[in-house]
Structures are given as C-alpha cells and as structure tokens.
Amino acid sequence: STNPVSARAHTNIALIKYWGKRDEELIIPYTSSLSLTLDHFYTDTTVQFKSNLSEDQILIDGQQPTEKSFQRVHQFLGLIRKQAGFEMPAVVQSVNHVPTAAGLASSASAFAALAAAGSKAAGLQLSPTALSRLARRGSGSACRSIFGGFAEWQRGEDDLSSYARPLFQEKLTDIRVIALTVARGPKSISSRQGMKLSVDTSPYYPAWVKTCQADLERLKVAIDQNDFSQFGRISELNAMRMHALTLSADPDFTYFNSQTLTIMNLVKQLRHNGVACYYTIDAGPNVKVLCQQSAVAKIAATFSKVLGEKNVIVTKPGPGVQYL
Ligand code: DP6
C-alpha cells in the first residue's frame, strides 16, 4: 500500500471556451481555450492505493457516486495505475467546497485534484505539464485548473502536445468574477453530450473553430495590455458564439433559461449606464459577471436585489493545484 496524499484544486472559468473534441477518447479539443482559475470554489481529494482491496472505493462529498461517476473515476485511476506499473485499487475521498445550490460544481477542480493526489500517491513525480496532460484525460477543462490565474490550453495534436500552461500572471490582477446563481431548471444536457451534438450537427461548427483562434489571439493581446473593456467584450462574444452552437444543433437546445436572459439584459443595462461589466456562461443557466474590483459593490448590490444575496458570490483569481 501507499501513503495517502491530499490535494486541492480550484475551478476555472473559461473566457475562450472549449467546446468540442477532435478525439473523444484522449480528450483532444478542436480549439485552444483560455481560462481564469477562481479562488472561491475548490475540491479537496485524498487518494491512497491499497493492496488489500478488491476494487476502488470512492466517496464524493461523503456519498457513494452513481455508477457512471464511479466508472469515470475508476477509468481515470486506471491511467495512473498504468503509468505507475501496478494494479492496486484506490481509496478516494473527495469533498467539493462549493456553496450549496450554487450549481457550480465542476469536473475541472475534481479531476485536477484527483490527478495531483492520485499521481503523487502512486509515486509518480509529474511535472506541471505532465499533470495538466493527465488531468485533461478526466475532463478537458481540468487541465487548466492545474495552474493559477490565467491559463491557456493549447489544443495540440495528440496526447503529448495537448496541455495547459499559465500565462500573464501579473496582468489584470484586479479582475473579479461575480457568480450569479439562477433558479435551477430541469437538469440540462451535460457539456460532454452538448459539445458532441454541436460538433456532429451544427453547420456553424467550422466557423466556430475559425473564430475561436482569432478570439483567443485578441483576448491575449487585451490581457497583455491590461485592457479590461476589450477583455470583457471578447470574452462575452466568445461565450455567445459557443451558445449559438447549441441553438443551431439538431435537435436544438439551450442552457439559458428566462432568468439567464434577464441577467444578460441587466448586465448590458449596467454597461449602458457606465459600469464596466460583461458576462460569460457555461453549460448551465448560471451567469458569471466579469468586472474590476472598483465596480464590484455596485454590481453585487444590483444583483442581490434581483436574486438575493446568497446567490451572488464575488470571486477573484485563484491559485493552482496544491498539496495539503
Ligand atoms: C462550457 O471540461 O466539462 O465549461 O472534457 O467532456 O469533461 P469534458 O468537458 P468539460 O467541458 C467544459 C465546457 C465549458 C467550457 C470550458 O470550460 O472551456
């Protein structure tokens, strides 16, 4: 048996979205993406490999996972066992520190923490790049959560060349992300399914691949120049272009609900009134508002009135993966 190892990883919010796999088995994306790791939401995971077990034992937030989640974690542990050259089952305990009902639980922090704790417990000494590559195999977005602040996932061509790297650590440091939780609707289609449907059926998918590359280049220039309004504008635009792929899929679908649209309009209205803020949205109805520290009070007050204070969470750039 091995010693137990614990690791913490934070979630990240993509500003240039990852939406579509070129290789579903290896999780190689069609496009590169760029994210900001957030300080507020994280997962703590402990892994120990034990020779006296007959199969993996997995507890997520103190509970047995569904068969589907179990299989996903089990397969991921298989990658670690293969690299380590042994077959011992593992005990995995994972706790998500995400405010209840926030609906922000993320596979990104989960697989980044699991990759870090699992690989170290198995005696592998992985470089940050190798760790990012491994985390990617669990969930694409997890490869970016290995790093703090801004991270770019360079799509690469194969397993070896597809991983994230940190960038611009000293830029736009007063950036804030306000997570707004809207009423939960019916369970939406997973990002895994949603992106596959978009790739397979949206006639706009080739245009997305083309635009993403340009959006990414422009966003990097904006960050490098500490140009917040360009940064916000490009991020918002890229998010809407991603969501256009869901509306143009067959069958069509959307992650927005009526509250999502209300909030999008409110952000635009605030902007019209001189408050610099923009939004981004992932595979669910919640909205994240991008702003600078100086505008937080005004924006948080506006949305607290609409959604209630507990549904408004202010976050800032967060750290990369850490061992506990
Ligand atoms: C909309 O990383 O959850 O959040 O690789 O299938 O596990 P899998 O997908 P996942 O997709 C994230 C989609 C997104 C955009 C992003 O984070 O880049």
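Computed from a prediction, not measured in an experiment: that's the story for all the values here.

As for the confidence of the model for the chain
Okay, so step 1: Looking at the chain, pLDDT values average 95 and 97% of them are 70 or higher.
Okay, so step 2: Predicted complex metrics record ipTM = 0.99 and pTM = 0.97.

Describing unusual backbone geometry
Okay, so step 1: Look at the link from Asp250 to Pro251: it is a cis peptide, with omega at 5°.
Okay, so step 2: Inspection of the secondary structure puts Pro251 in the loop between helix 6 (228-247) and helix 7 (258-272).
Okay, so step 3: In this model, Ile27 sits at a positive phi of 55°, which is unusual for a non-glycine residue.
Okay, so step 4: Topologically, Ile27 is positioned in the loop between strand 2 (21-23) and strand 3 (28-29).
Okay, so step 5: Of note in this structure, Phe168 is not a glycine but carries a positive phi near 50°.
Okay, so step 6: Along the chain, Phe168 falls in the loop between strand 8 (163-166) and strand 9 (175-180).

Observations regarding helix 7
Each α-helix turn comprises 3.6 residues. Residues three or four places apart therefore point the same way.
Okay, so step 1: Taking 1.5 Å per residue as the helical rise, helix 7 with its 15 residues ought to reach 21 Å, and the 21 Å between its terminal C-alpha atoms agrees with that figure.
Okay, so step 2: Listed in full, the buried residues belonging to helix 7 are Thr260, Ile263, Val267 and Leu270. Viewed along the axis of helix 7, the buried residues span an arc of 85°, placing them on a single side of the element. Exposed residues on helix 7 whose side chains face more than 90 degrees from its buried face are Ser258, Asn265, Gln269 and His272.
Okay, so step 3: Considering only its buried residues, helix 7 is in contact with strand 9, strand 10 (278-280), strand 11 (287-292) and helix 8 (296-307).

Digging into helix 5 (residues 205-224)
Okay, so step 1: Spanning 20 residues, helix 5 covers 29 Å between terminal C-alpha atoms, matching the ideal 28 Å at 1.5 Å per step.
Okay, so step 2: Its buried side turned inward, helix 5 meets strand 1 (5-16), strand 4 (33-49), strand 7 (150-154) and helix 6.

A short note on the site of the ligand
Okay, so step 1: Lining the immediate surroundings of the ligand are 13 residues, of which Ala14, Tyr18, Ser139, Gly140 and Ser141 lie closest.
Okay, so step 2: Per-class residue counts for the shell around the ligand are four nonpolar, six polar and three charged.

Considering the sheet that holds strand 10
Okay, so step 1: If you trace the four strands from one edge of the open sheet to the other, you get 10-11-9-12, paired in antiparallel fashion. Two strands lie at the open edges of the sheet, namely strand 10 and strand 12 (312-315), each paired on one side alone. When the angles between neighbouring strand axes are averaged without regard to direction, this sheet yields 30°.
Okay, so step 2: Looking at chain direction, strand 10 and strand 11 are connected through three bridges and run antiparallel. Considered in strand 11, the bridge of Thr280 is made with Lys288.
Okay, so step 3: Contacts from helix 6 reach strand 10 and strand 11 within the one sheet, and its direction differs from that of strand 10 by about 35°.
Okay, so step 4: Sitting on the sheet, helix 7 touches strand 9, strand 10 and strand 11, and the angle it makes with strand 11 is about 15°.

Details of the packing of helix 1 (residues 67-84) against helix 2 (residues 107-121)
Helix-helix packing is characterised by the crossing angle of the two axes and by the distance between the axes.
Okay, so step 1: It is the contact of helix 1 with helix 2, at a shortest axis distance of 10 Å, that shows an interaxial angle of 40°. Regarding the angle of helix 1 to helix 2, the classification is oblique. The way helix 1 lies across helix 2 gives a crossing that is right-handed. Contacts from Val73, Phe76, Leu77 and Ile80 in helix 1 reach Phe111, Leu114, Gly118 and Ser119 in helix 2.

Conventions we followed
Numbering of residues starts from 1 in every chain and runs along the sequence as written. Where local features are concerned, this predicted model is filtered to residues with pLDDT of at least 70; where side-chain atom pairs are given and counted, the filter is 80 or more; whole-chain, interface and lining totals use all residues. The predictor reports its confidence for every residue as pLDDT, a score running from 0 up to 100. Secondary structure elements follow DSSP: runs of H or I no shorter than four residues count as helices, runs of E no shorter than two count as strands, and numbering proceeds from the N terminus. A helix is expected to span 1.5 Å for every residue after the first. Field definition: a residue is buried when 20 or more other C-beta atoms are found within 10 Å of its C-beta, exposed when 12 or fewer are, and partly exposed for counts in between, with C-beta atoms placed from the backbone. The directions considered for the arc run from the helix axis to the C-beta atoms. By definition, residue pairs are in contact when their C-beta atoms, positioned from the backbone, come within 7 Å. Should the C-beta atom of a residue, placed from the backbone, lie within 6 Å of a molecule or strand, that residue is near it. When residue character is reported, Ala, Val, Leu, Ile, Met, Phe, Trp, Tyr, Cys and Pro are called nonpolar, Asp, Glu, Lys and Arg charged, and the others, Gly included, polar. Strand pairing follows a simple DSSP-based rule, namely that at least 2 bridges must link the two strands. The axes are straight lines fitted to the C-alpha atoms, using for helices just the contacting stretch, and the angles between their N-to-C directions are given from 0 to 180°. Roughly parallel refers to an angle under 35 degrees, roughly antiparallel to one over 145, roughly perpendicular to one between 65 and 115, and oblique to any angle outside these ranges. Definitions for this section: a left-handed crossing has its near helix turned counterclockwise from the far helix by less than a right angle. A right-handed crossing has that turn clockwise.

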